[in-house]
Amino acid sequence: MDVVLIDDFIDPYHHLQLLESRVQKEADEKANEKREHQEVERLKVKVQKLRAKKAWLEQQLKQQHAKVLTDLDGDDNSLPDMGPQELVQLVAETQKKKFEELIQAYRLTGITVTTPEPDITRVCWDTAHKGTLCEPYYMEIQHKETLRILRHSLPYFVPLETVSQTLLNTDFKKFVASMSEYLAAYVNRRQEIVMLQEKYSDILIGEVESSHAADFVQFQLKLQPESEQIVEAKLTYEQLTDILPTKVRIKVLLGNSANASDVIVNTQDIKHYKECFHSMELTKAVGEIID
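Parameters at a glance
- Residues numbered from 1 in each chain as written.
- Predicted model: local features only at pLDDT ≥ 70, side-chain atom pairs only at ≥ 80, totals over all residues.
- Heavy atoms only, no water.
- Helix = DSSP H or I, 4+ residues; strand = E, 2+ residues; numbered from the N terminus.
- Buried < 20%, exposed > 50% of the residue type's maximum accessible area, 1.4 Å probe, protein only.
- Contact = heavy atoms within 4.5 Å.
- Areas by Shrake-Rupley, 256 points an atom, 1.4 Å probe, with all protein chains shown as cover.
- Phe/Tyr/Trp six-rings, centres within 6.5 Å; stacked < 30°, edge-to-face > 60°.
- Pairing = 2+ DSSP bridges.
- Axes fitted to C-alpha atoms, helices over the stretch in contact; angles between N-to-C directions.

## Topic: the overall build of the protein chain
Tallying secondary structure elements over the protein chain gives 6 helices and 8 strands in all. Moving toward the C terminus, one meets the helices and strands of the protein chain in the order α-α-β-β-β-β-α-α-β-β-β-β-α-α. Going through the 291 residues of the protein chain one by one, you find that 31% of them count as buried. Of the contacts formed within the protein chain by residues at least 6 apart in sequence, a portion of 41% connects residues at least 24 apart. Split by element, the accessible area of the protein chain, about 19400 Å² in all, is 51% carbon and sulfur.

Encoded structure:
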């Protein structure tokens, strides 16, 4: 009779479990390999896209710098083949050269451009009204890869941010000229109000009211001492570069005396007042009205 040892006996159920475990392990390894392969392919595609985007950005950078150089030099010739860093350096050198040329040109227009430091440009706008000098305004600009405003003394209502985003790094001449236009118009409107108060204080009723930017003015005039009529004018300058009002409202107020109700408002006079304010600076218009 044969004797069967326990150790030699293999349980079929246990053997099946071992096989299933081995199969599952192999399946998991294949699944991991597949996922790794898919991840590698995804990364390859991403790298290709990033390389294409890099090439596009370099091309855009070159075109932008070419435009800046063309605006500065007026030369439409194509740029030599060079890398982004070389282009940046070329633009910076061209801008510096252009600034030096502008220093002499602006001195003749009430605008002074100086370079107190190698990478700093200071612009000074001298303002005047009817031959009388008024206050100057300053701005310091840093010029490296791009131009950046460091500090300035311009009034808060001048749209500096909007204009600088559009012109500062694309057309410096136009930027400086645009700021000059805003400042000149503001000083003109403000000084006209000052002159009105000084020259026609005898016919002004009360104070002249105006906005900080002097783009809105309101005042009352008694044109004739014996008349009961008081002319109220409201002038609006829609653009901060305007020196003549775009909107004029005229209202004739009557006094409180017993004869006030007998005063007849002449519509032709009102039309004439509006025409004067629309076509003349403030003090000249008032002078024309009272003559």
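## Here's the deal with the packing of aromatic side chains
Summed over all chains, the structure comprises 4 aromatic pairs. Between Tyr156 and Phe157, the aromatic rings sit 5.2 Å apart at their centres with planes inclined by 75 degrees, giving edge-to-face as the arrangement. Its relative accessible area of 65% is what places Tyr156 among the exposed residues. Overall, Phe157 belongs to the buried group, its relative accessible area being 17%. Ring centres 6.0 Å apart and planes at 70 degrees place the aromatic pair Phe219 and Phe277 in the edge-to-face group. Taken together, the positions of Phe219 in strand β6 (residues 216-221) and Phe277 in helix α5 (residues 267-279) put the pair 58 residues apart, joining distant regions of the chain. For the pair Phe219 and Phe277, one class covers both residues: buried. Pairwise contacts between aromatic rings join Tyr156, Phe157 and Tyr186 into one cluster.

## Description of the sheet that holds strand β1 (residues 111-117)
As summarised here, the arrangement of the 4 strands in space is β1-β2-β3-β4, forming an open sheet in which the pairing is antiparallel. Strands with a single pairing partner mark the edges of an open sheet, and in this sheet they are β1 and β4 (147-152). Taking each pair of neighbouring strands and ignoring which way they run, the sheet shows an average axis angle of 30 degrees. In this structure, strand β3 (residues 132-143) lies alongside β4, joined through 5 bridges in antiparallel fashion. Residue pairing in the sheet places Met139 in a bridge with His152 of β4. The sheet strands contacting helix α4 (residues 172-199) are β1, β2 (120-129), β3 and β4, and the helix crosses β2 at an angle near 30 degrees.

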